[in-house]
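# Working through the structure, step by step
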Amino acid sequence: MAPKPKPKPTVSSPSQPPPLIEDLFTSLNLHIQRSQFDQAVKVADQILQVAPSDEDAIRCKVVAMIKEDRIDDVLSVIQASHRLPVDLSFFKAYCLYRQNKLDESLESLKSQEGTSATMLLESQILYRLGKMDACIDIYQKLQKSKIDSLEINLVAGLVSAGRASDVQGMLDAMRVKATSNFELAYNTACSLIERSKYKDAEQLLLSARRVGQETLMEDNLADDDIEIELAPIAVQLVYVQQLLGNTPEAMEAYTGIINQNLADESSLAVAINNLVVLKGPKDISDSLRKLDRLIEKGNGAQRFQLSNGLESKLSPKQRETIYANCVLLLLHSNKMDQARELVAALPDMFADSVMPVLLQAAVLVRENKSGKAEEILGQFAEKFPDKAKVVLLARAQVAAAAGHPQIAAESLSEIADIQHLPATVATIVSLKERAGDIDGAEAVFDSAIQWWSNSMTEDNKRTVIMQEAASFKLKHGREKEAACLYEELVKSHKNLQALIGLVTTAARVDVDKAESYEKQLKPLLGLKGVDVESLERTSGAKHMQSDSHVEVTEAYEESKNKDKSKKKRKRKPRYPKGFDPANPGPPPDPERWLPKRERSSYRPKRKDKRAAQVRGSQGAVVREKHEATGTDTSANISNSKSDLATTSKVSSQSVAPSQSKPSSKSSKKKSRK
């Protein structure tokens, strides 16, 4: 047996050497240039397997993951790399900014140097937080850095800060045209809207849409993508129509944008909110359904949040407006439980705003708890005096509507900016007068007069308030004080109305003063020859109708009667169709409208005499039967008469539960008589 051949020894292939780190970085750079960020992450992981603490590989991996919107994964990588000698605080701050954790993001930036990138991110965070003044300061510092499109963000900051009037001056200083790009044109148009220049804003928005279409078509974007990119401009154009008063056109345009669904989430949310505002309390259920698409229940401490990432895409003012409109719709639809739940969550969401406390007061008023609403509004005004103006105005309105005029007057008196204006003074005086506090109302007038006396403004309202104060004092029997006010007005302004008021008022308390000032009045024409003393001695003139007046009256009546007779005109009689008035034919029956039984030609039907014949066998005796029958018949007739009398008596008392009715023949005969 032949021996088995020995197996050939297998030659082990040598293990492939790992790629050089230089080649991996070359591949990483190639993937980044081609925007293949998922492959770039894989290559960065290979580099980190070879060199775990390589700073460039970690940074490239983090940036590639940010480009892929893997924000949570980026934060995990940063957390895992905290022991490495790599500073990733900037990337951490950016990721927290993307997650809308603005305070944490701002805290993470504190350790960074003031580079252009750091300052730009800080300005974006401050813009989201609503701190516009600080945001604008950073943008103005960055103007020297020559950052692309910096003017776009600067204009947006100025508009949000309420400084829309500074936009044009800033563009002129930077030598930039508003139509240089469609985003800048859009922001500049927003500044024109804030300045109530709606027609100019509309023209600039149309230019922005044209420039945007040209720019995006050069980038080879699809038509639907272009519509989505330009959706903010479309919504703002509709908003301008709304401000111009074209409500039906605006509602139709908003509905078209919502139904087409060719808009980004933020523009769609603005369109829905504006449409709900235009519809008002009409079709509340549909408006609530639309807003339910934007608001959803949150997790954790935040009980409510906006859907589709709108929390980070809308400004705090826009978010607050959406929640406020939702609460108002819930109140209109009488869904009090849902309104209370939403209002309870708003103070934590908008801690620096007065809107939550105003909505809470609205819910309490809707529940007929006006006293509680006045209490919480007063507490808020005491706690935040710098925000108390709107709250005190709301408290005054609630108190006045609830029949608490004293509280309403006190609320208005606490607003230092407006408490001395004529309209406010008149309102406070009226409220105090309604409450019976005449002395307090007089004190309000005195305080306002003193304030305007010390005021150095050109438009001084002291004269107006003094005249109203004098009228008020005169109305409530304080003639001396009213006369003093009128006299001061006459001496300082030589006012004719004040002079008349002084003479009429002083005539009650000081006749000599009244006569002295009466001489300053111009004499009336035609009264020089009138003897006043002789007129006072007469018993008075009697009204007598002269003969001439009677003649004039009679002549007027005759002419009036003639006019009336002239106005009457004869109309031709209207005949039936086919009737010839020349040959009318036989006259119609004069009894044609009478019932047949009342006409002269009426003849009642004869009774059948055969019914009275007696049937029987031959030879039967008939006389006795007839006598008996006649007796029975008379009894039946008497009974029937008594029944009729009873029936008529009952019917006259209007009681008819069960009446004995006579026979049909007798009733018919009775009705015909």
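What counts as what
- Residues numbered from 1 in each chain as written.
- Predicted model: local features only at pLDDT ≥ 70, side-chain atom pairs only at ≥ 80, totals over all residues.
- Heavy atoms only, no water.
- Helix = DSSP H or I, 4+ residues; strand = E, 2+ residues; numbered from the N terminus.
- Contact = heavy atoms within 4.5 Å.
- Axes fitted to C-alpha atoms, helices over the stretch in contact; angles between N-to-C directions.
- Parallel < 35°, antiparallel > 145°, perpendicular 65-115°, else oblique.
- Left-handed = near helix turned anticlockwise from the far one by under 90°.
- Nonpolar A, V, L, I, M, F, W, Y, C, P; charged D, E, K, R; others polar.
- Salt bridge = Lys/Arg side-chain N within 4 Å of Asp/Glu carboxyl O.
- Phe/Tyr/Trp six-rings, centres within 6.5 Å; stacked < 30°, edge-to-face > 60°.
- Buried < 20%, exposed > 50% of the residue type's maximum accessible area, 1.4 Å probe, protein only.
- Lys NZ or Arg CZ within 6 Å of the ring centre and 35° of its normal.
- Core = buried A, V, L, I, M, F, W, Y, C linked by side-chain atoms within 4.5 Å.
- Polar contact = N/O pair within 3.5 Å; in protein donor to acceptor, adjacent residues only side chain to side chain.
- pLDDT = per-residue confidence, 0-100.
- Patch = residues over 30% accessible without salt bridge, like charges linked within 9 Å, V, L, I, M, F, W, Y side chains within 5 Å.
- Areas by Shrake-Rupley, 256 points an atom, 1.4 Å probe, with all protein chains shown as cover.
- Lys, Arg positive; Asp, Glu negative; His and termini not counted.
- Charge placed at Lys NZ, Arg CZ, Asp CG, Glu CD.
- Arc of directions from axis to C-beta.

Take the overall build of the protein next. Along the protein, the regular secondary structure elements total 34 helices and 2 strands. Taking contacts inside the protein between residues at least 6 apart in sequence as the whole, the part at least 24 apart equals 46%.

A word on the packing of helix 24 (residues 405-413) against helix 25 (residues 422-435). Direction vectors running N to C along helix 24 and helix 25 enclose 155 degrees, while the axes themselves pass 8 Å from each other. For the element pair helix 24 / helix 25, the angle class is roughly antiparallel. Helix-helix and strand crossings are classified by hand; for helix 24 and helix 25 the assignment is left-handed. Across from Pro405, Gln406, Ala408, Ala409, Leu412 and Ser413 in helix 24, the residues of helix 25 making contact are Thr424, Thr427, Ile428, Leu431, Lys432, Arg434 and Ala435. Of the residues assigned to the contact of helix 24 with helix 25, the class counts are 7 nonpolar, 4 polar and 2 charged.

For Ser370, the location among the structural elements is in helix 22 (residues 370-383). When neighbours within four sequence positions are excluded, Ser370 is seen to be in contact with Leu364, Val398 and Ala402.

This part covers the pattern of salt bridges. Following the criterion strictly, the structure yields 26 salt bridges and no others. Within this structure, Asp439, Glu442, Asp446, Lys473, Arg478 and Glu481 form a network of salt bridges that share partners.

Here we take up unusual backbone geometry. Look at Ser196: it is not a glycine, yet its phi comes out positive at around 65 degrees. Looking at where Ser196 falls in the secondary structure, it is placed in the loop between helix 11 (182-194) and helix 12 (198-218). One non-glycine residue with positive phi stands out, namely Asn334, at about 65 degrees. Positionally, Asn334 belongs in the loop between helix 19 (316-332) and helix 20 (336-349).

For any two aromatic rings, the description comes down to two numbers: the centre-to-centre distance and the angle of the planes. Evaluation of the coordinates by the stated rule reveals 6 aromatic pairs. Ring centres of Phe380 and Phe384 lie 4.8 Å apart, and the angle between their planes is 40 degrees; on these two criteria the pair is classed as tilted. Classification of Phe384 as partly exposed rests on a relative accessible area of 26%. One residue, Lys387, lies across the ring of Phe384, its end atom 5.3 Å from the ring centre.

We now examine helix 5 (residues 89-98). Buried within helix 5 we find Ser89, Phe91, Ala93, Cys95, Leu96 and Tyr97. Residues of helix 5 that are buried in the fold lie against helix 3 (55-67), helix 4 (71-80), helix 6 (102-109) and helix 7 (116-129).

Attention now moves to the nonpolar core. Val391, Val429, Phe445 and Leu502 are the most contacted members of the largest nonpolar core, which totals 49 residues. Residues contacting Val429, with those up to four places away along its chain left out, are Ala441, Val444, Phe445 and Phe472.

As a further point, take the side chain of Ser267. Along the chain, the position of Ser267 falls in helix 16 (residues 265-279). Ser267 gets classed as buried once you look at its relative accessible area, which sits at 5%. Of the polar contacts made by the side chain of Ser267, one reaches the side chain of Asp264; its length is 2.6 Å. Ignoring anything within four residues of it in the chain, the contact list for Ser267 reads Ala231, Pro232 and Val235.

This part takes up the packing of helix 27 (residues 462-475) against helix 28 (residues 479-493). For the pair helix 27 and helix 28, the least separation of the axes is 8 Å and the interaxial angle reads 155 degrees. Our classification of the angle between helix 27 and helix 28 gives roughly antiparallel. Remark: the crossing between helix 27 and helix 28 carries left-handed chirality. In contact with Arg462, Thr463, Met466, Gln467, Ala469, Ala470, Ser471, Lys473 and Leu474 of helix 27, helix 28 contributes Glu479, Glu481, Ala482, Leu485, Tyr486, Glu488, Leu489 and His493. Here the residues of the contact of helix 27 with helix 28 sort into 8 nonpolar, 4 polar and 5 charged.

Here the protein shows a mean pLDDT of 81. Residues at 70 or above account for 81%. Per-residue pLDDT stays below 50 along residues 1-14; that stretch engages in 0 contacts with residues further than four places along the chain or on separate chains. Throughout residues 622-673 the model reports pLDDT below 50, and contacts reaching past four residues in sequence, or to other chains, amount to 14 contacts.

Together, Glu183, Asp223, Asp224, Asp225, Glu227 and Glu229 give the surface a local cluster of negative charge. Broken down by element, the residue count for the negative patch peaks at 5 residues, all from helix 13 (residues 223-229). Relative to the helices and strands, Glu227 is located in helix 13.

Turning to the environment of Ile226, a few remarks are in order. Tracing the backbone shows Ile226 in helix 13. Note on Ile226: relative accessible area 7%, which makes it buried. Each C-alpha atom of the pair Ile226 and Leu216 lies 6.5 Å from the other, and the pair is 10 residues apart in sequence. When sequence neighbours within four positions are dropped, the list of residues in contact with Ile226 reads Gln213, Leu216, Met217 and Leu221.

Right, let's get into the environment of His31. By secondary structure assignment, the location of His31 is in helix 1 (residues 21-33). C-alpha of His31 to C-alpha of Val43: the two residues are 12 residues apart in sequence and 8.8 Å apart in space. Beyond its immediate chain neighbours, meaning those up to four positions away, His31 contacts Gln36, Gln39, Ala40 and Val43.

A few words now on helix 24. Along helix 24, the residues classified as buried are Pro405, Ala408, Ala409, Ser411 and Leu412. One face of helix 24 carries all of its buried residues, which in axial projection span an arc of 160 degrees. In this fold, the buried residues of helix 24 make contact with helix 23 (388-401) and helix 25.

Turning our eyes to something else, we now look at the environment of Glu229. By secondary structure assignment, the location of Glu229 is in helix 13. Ignoring any residue separated from it by four or fewer positions in sequence, one finds Glu229 in contact with Leu216 and Leu221.

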